[in-house]
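Notes for the structure review
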Amino acid sequence: MPKVATEASKTSKQAGKNAKKGESARKSVVRKDTLLTPETLPAPVLAGRDFLSNLDMTAGELRAVLDTAHSMKRGEWRGVKPLAGLSIALVFEKASLRTRTTFDVGMYQLGGHAITLSNTEIGLGTRERVSDVARNLERWVDAVMGRVYLQQTLQELAQHASVPVINGLSDMLHPAQLLADYQTIEEEFGTDLRGRRVVYIGDGNNLANSHIHMGILTGTDVTIVTPVGYEPNAGVLMDAVRAGVKVTLTNDLAAIAGADVLYTDVWISMGQEAEADIRRRAFQGYQVTPEMLDTLAPHGIFLHCLPAHYGEETVPEATEHPKSRVFDQAENRLHAQKALMYHLMGDLKPRW
């Protein structure tokens, strides 16, 4: 009997896999007249610049990057290799699944090459000065992506490297993640997001900060729901004030009701392990549950940048809820970052 059950389970699982393959195949069908060629590629709008913050783009430049990301996801770039002969260094102080995989695979799909460098190998600021690392890397590669602890590290890399430097995550901001997030939001609501309610719940960390910046660029109505003492960065809030954009700060969970987008992130980020117990107590009641998702607008969606610490900021039943777009969001890291790399590097010629 157990053997029969096992075989039935295998059959069911394989059927599910086949169905997903069929769905993927249908999604991948692209009309030949929509395929891009080297002659019809859009102009790179960020050529040679750094991307340390979402505000390093104008609203128009963001529109161009997201349009490219959507086009790439539709398969319209299949067959073109605009970054052939180019390379990018991926520098990691922090562990990574999505950032490492998507930048590496994305560079490969665009025809280029990525080299991954861990902090054990480099020792940013310890084994070697950040400025010296930058001056070395600029001689060999065409861009640098850093997933680091401090925003200052990225600023130093950008100051001393003549090639584009990309923020793959810092203590202050996570702008590449927000590109994928807004690609996902646009898949649900279209490209005009003015007035859409985006509610972020949890720690006022780098994700909350970058959500505020994206609100400035897109006109979304951003609300940050966080316990007292865990609000977003004051300088980022001033960015909104200077832009004349309202950001709502509250610790009232009722603000979630009717939201178009509900977003959360971990309560304890890498490097904050010593604060774990204090943070868990402070964030009690801020866990995203299926019941919380039921209070969103009928068309509302739930996003989480992952990894999820289940039992803390959310539960598996939320990431697997019908309103969840968490894994679409993870997929879009690939498309959004490919679009970003193209717009930063697409006008470069190989050095050799």
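Use the structure listed above.
A quick note: this is a predicted structure, and the numbers were derived from the prediction, not measured. Throughout this document, residue positions are counted from 1 along each chain, in the order its sequence is written. Predicted model: local features are reported for residues with pLDDT of at least 70 only, side-chain atom pairs are reported and counted for 80 or more only, and whole-chain, interface and lining totals are derived from all residues. The side-chain numbers reported here are obtained from all heavy atoms of the structure, hydrogens and water having been left aside.

Quick word on the overall build of the chain
Rules: The way it works is that DSSP assigns letters per residue, a run of H or I at least four long becomes a helix, a run of E at least two long becomes a strand, and they are numbered from the N terminus. Each radius of gyration reported is based on C-alpha atoms, and the globular scaling rule is 2.2 Å times the count of residues to the power 0.38. Residue contacts are defined here by distance: any two heavy atoms, one from each residue, within 4.5 Å place the two residues in contact. Computed with a 1.4 Å probe, the accessible areas rest on the Shrake-Rupley method; for each residue, only the protein chains presented here act as cover. Charge convention: Lys and Arg are scored as positive, Asp and Glu as negative, and His as well as the terminal groups of each chain are ignored. Charged groups are reduced to one reference atom each: NZ for lysine, CZ for arginine, CG for aspartic acid, CD for glutamic acid.
Along the backbone of the chain there are 13 helices and nine strands. Relative to the 2.2 N^0.38 estimate, which gives 20 Å for 352 residues, the radius of gyration of the chain is 21 Å and therefore close to what a compact globule would have. Each principal axis of the C-alpha distribution contributes one length, and for the chain these read about 55 × 55 × 45 Å. Counted over contacts in the chain with a minimum sequence separation of 6, partners at least 24 positions apart contribute 77%. For the chain, the accessible area works out to roughly 16,200 Å², and carbon and sulfur atoms hold 54% of it. Of the charged side chains in the chain, 38 are positive and 42 negative, and the gap between their average positions amounts to 6 Å.

Digging into the pairing of strand E1 (residues 87-92)
Where we set the bar: Throughout, exposure labels follow a simple rule: accessible area from a 1.4 Å probe, protein chains only, divided by the maximum for the residue type, with under 20% read as buried, over 50% as exposed, and the rest as partly exposed. Two strands qualify as a pair provided DSSP detects at least 2 bridges between them. Looking down the strands as they point away from the viewer, one classifies a crossover as right-handed if the path from the first strand across the helix to the second runs clockwise.
By the criterion of burial, E1 is predominantly enclosed, with six of the six residues buried. Burial of the side chains of E1 extends over both faces: Ser-87, Ala-89 and Val-91 are buried on one face and Ile-88, Leu-90 and Phe-92 on the other. The pairing of E1 with strand E2 (residues 113-118) spans six bridges and is parallel. Across the sheet, Val-91 pairs through a bridge with Leu-117, a residue of E2. In this fold, the crossover linking E1 to E2 by way of helix H3 (residues 98-109) has right-handed handedness. Inspection of the sheet shows E1 paired to strand E3 (residues 143-147) by five bridges, in the parallel sense. Counterpart to Ala-89 in the pairing with E3 is Val-144.

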